[in-house]
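Coordinate inspection notes
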Amino acid sequence: IYMIMKLIRDEKVKYLFWGVATTVFYFVFRFIVNVLTNNPTIAAFLAEVVTIIFAFYVNRTFVFTNQKSTSLTYQLMSFFAGRVIVAVFDIVVTYVTIEKYHSFFIRLLGLDKLNYHFLRSIWGTYFFVTPYQINNVIWVVIIQIFAIIFNYLVSKYYSFK
């Protein structure tokens, strides 16, 4: 039980848990907005804005609880600055890889050669079974991997130091 409690209190474990929760929140929000607007760049922008607020709250409240030697204003501004860098990266990569040049990336990744009829028969749906949709998911995952690593470093060493 001591080892379990120690693991639960570990900052990296807490960050991982809340990072996954934030990422799931981001994905759900982004894909809902994308379906509603049919515009991946707007979906990325709105998801980033809402997720930044959510992430600040959970990081300050649940993750970096022992590291509050800086003021709330400093924490908020440095956290926001780090997240804005990620948001700009997200929006630019989304625009280039999903909206503007998706055909190039679909061919580059070989997504146009997959058997989508087979995927439809397994999943019984038309969601995530086109080259465009798979390309969208791949790039969103890549962006989020970068975001998790970058945001942890900013939070740990600048915002909540």
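Structural data are supplied above this passage.
Here is a short report on the structure shown in this document. The numbers attached to residues start from 1 for each chain and follow its sequence in the written order. Two thresholds apply to this predicted model, a pLDDT of at least 70 for residue-level local features and 80 or more for giving and counting side-chain atom pairs, whereas whole-chain, interface and lining totals are computed over all residues. Calculation of side-chain values draws on the structure's entire complement of heavy atoms; hydrogens and water are dropped beforehand.

1. Here's the deal with the nonpolar core
Put simply, the rule is: Nonpolar cores were defined as sets of buried Ala, Val, Leu, Ile, Met, Phe, Trp, Tyr and Cys residues, with membership established by side-chain atoms within 4.5 Å. Burial classes follow relative accessibility: with a 1.4 Å probe on protein chains only, a residue under 20% of its type's maximum area counts as buried, one over 50% as exposed, and anything between as partly exposed. Think of it this way: any DSSP run of H or I at least four residues long counts as a helix, any run of E at least two long counts as a strand, and we number them from the N terminus. Contacts between residues were defined by any pair of non-hydrogen atoms, one from each residue, lying within 4.5 Å.
Residues Tyr26, Phe27, Phe31, Ala44, Ala47, Val93, Ile98, Phe105, Trp139, Val140 and Ile143 constitute the largest nonpolar core, which totals 11 residues. Going through the elements one at a time, helix 2 (11–37), helix 3 (40–63), helix 4 (72–100) and helix 7 (131–159) are the ones with two or more residues in this core. Not counting chain neighbours up to four residues away, the residues in contact with Ala44 comprise Tyr26, Arg30, Asp90, Ile91 and Thr94. Counting residues in hydrophobic clusters, the runner-up holds nine residues, among them Ile52, Val63, Phe79 and Phe160.

2. Remarks on unusual backbone geometry
The residue Asn38 is not glycine, and still its phi comes out positive at about 55 degrees. Relative to the helices and strands, Asn38 resides in the loop between helix 2 and helix 3. Asn38 gets classed as exposed once you look at its relative accessible area, which sits at 67%.

3. Some thoughts on the packing of helix 3 against helix 4
Quick note on the threshold: Axes, fitted as lines to C-alpha atoms, cover a helix only where it is in contact. Angles between the N-to-C directions of the axes lie from 0 to 180 degrees. Just so you know how the angles are binned, under 35 degrees is roughly parallel, over 145 roughly antiparallel, 65 to 115 roughly perpendicular, and the rest oblique. Should the near helix be turned anticlockwise from the far one by less than a right angle, the crossing is left-handed, and should it be turned clockwise, the crossing is right-handed. Gly is put with the polar residues, along with every residue not named as nonpolar or charged; the nonpolar set is Ala, Val, Leu, Ile, Met, Phe, Trp, Tyr, Cys and Pro, and the charged set is Asp, Glu, Lys and Arg.
Here helix 3 crosses helix 4 at 155 degrees, and the two axes come no closer than 9 Å. Overall, the two elements helix 3 and helix 4 adopt an arrangement that is roughly antiparallel. Along this stretch, helix 3 crosses helix 4, giving a crossing that reads as right-handed. The residue inventory of the contact of helix 3 with helix 4, partitioned by class, reads 15 nonpolar, four polar and five charged.

4. Regarding the packing of aromatic side chains
We count it as follows: Working definition: a ring pair exists when centres of Phe, Tyr or Trp rings (six-membered ring for Trp) sit within 6.5 Å. Plane angles under 30 degrees give stacked, over 60 give edge-to-face, the rest tilted.
Per the counting criterion, the structure on display carries 18 aromatic pairs. Centroid distance Phe64 to Tyr152: 6.2 Å. Interplanar angle 35 degrees. Geometry classified as tilted. One end of the pair, Phe64, is in the loop between helix 3 and helix 4; the other, Tyr152, is in helix 7, with 88 residues separating them in the sequence. The buried category is assigned to Phe64, whose relative accessible area is 0%. Site record: aromatic cluster; members linked through ring pairs are Tyr15, Phe56, Phe64, Phe79, Tyr152 and Phe160.

5. Some points on empty space enclosed by the protein
Rules: Whether a set of points on the 1 Å grid over the protein atoms alone is a cavity depends on a 1.4 Å probe fitting there but being unable to get out, while an open set qualifies as a pocket with protein on both sides within 12 Å along at least five of seven lines; lining residues are those with an atom within 4 Å of a point. Grid points are joined across faces, edges and corners, and a volume is the space filled by probe spheres set on the points.
The final tally for this structure, using the stated rule, is one cavity of 30 Å³ or more. Roughly 180 Å³ of internal volume is contained in the largest cavity. Lining the largest cavity are 18 residues, with Thr22, Thr51, Arg83, Gln144 and Asn151 sitting closest to its centre. Tallied by class, residues from the lining of the largest cavity come to nine nonpolar, seven polar and two charged.

6. A word on the side chain of Lys14
Note the threshold: Positive: Lys, Arg. Negative: Asp, Glu. His and the chain ends are not part of the count. Every case where a carboxyl oxygen of Asp or Glu lies within 4 Å of a side-chain nitrogen of Lys or Arg is listed as a salt bridge.
Tracing the backbone shows Lys14 in helix 2. At 6.7 Å, Glu11 is the nearest oppositely charged side chain to Lys14, a buried residue that forms no salt bridge. Once you skip the residues sitting within four places of it in the chain, Lys14 turns out to touch Ile8, Arg9, Phe62, Val63 and Thr65.

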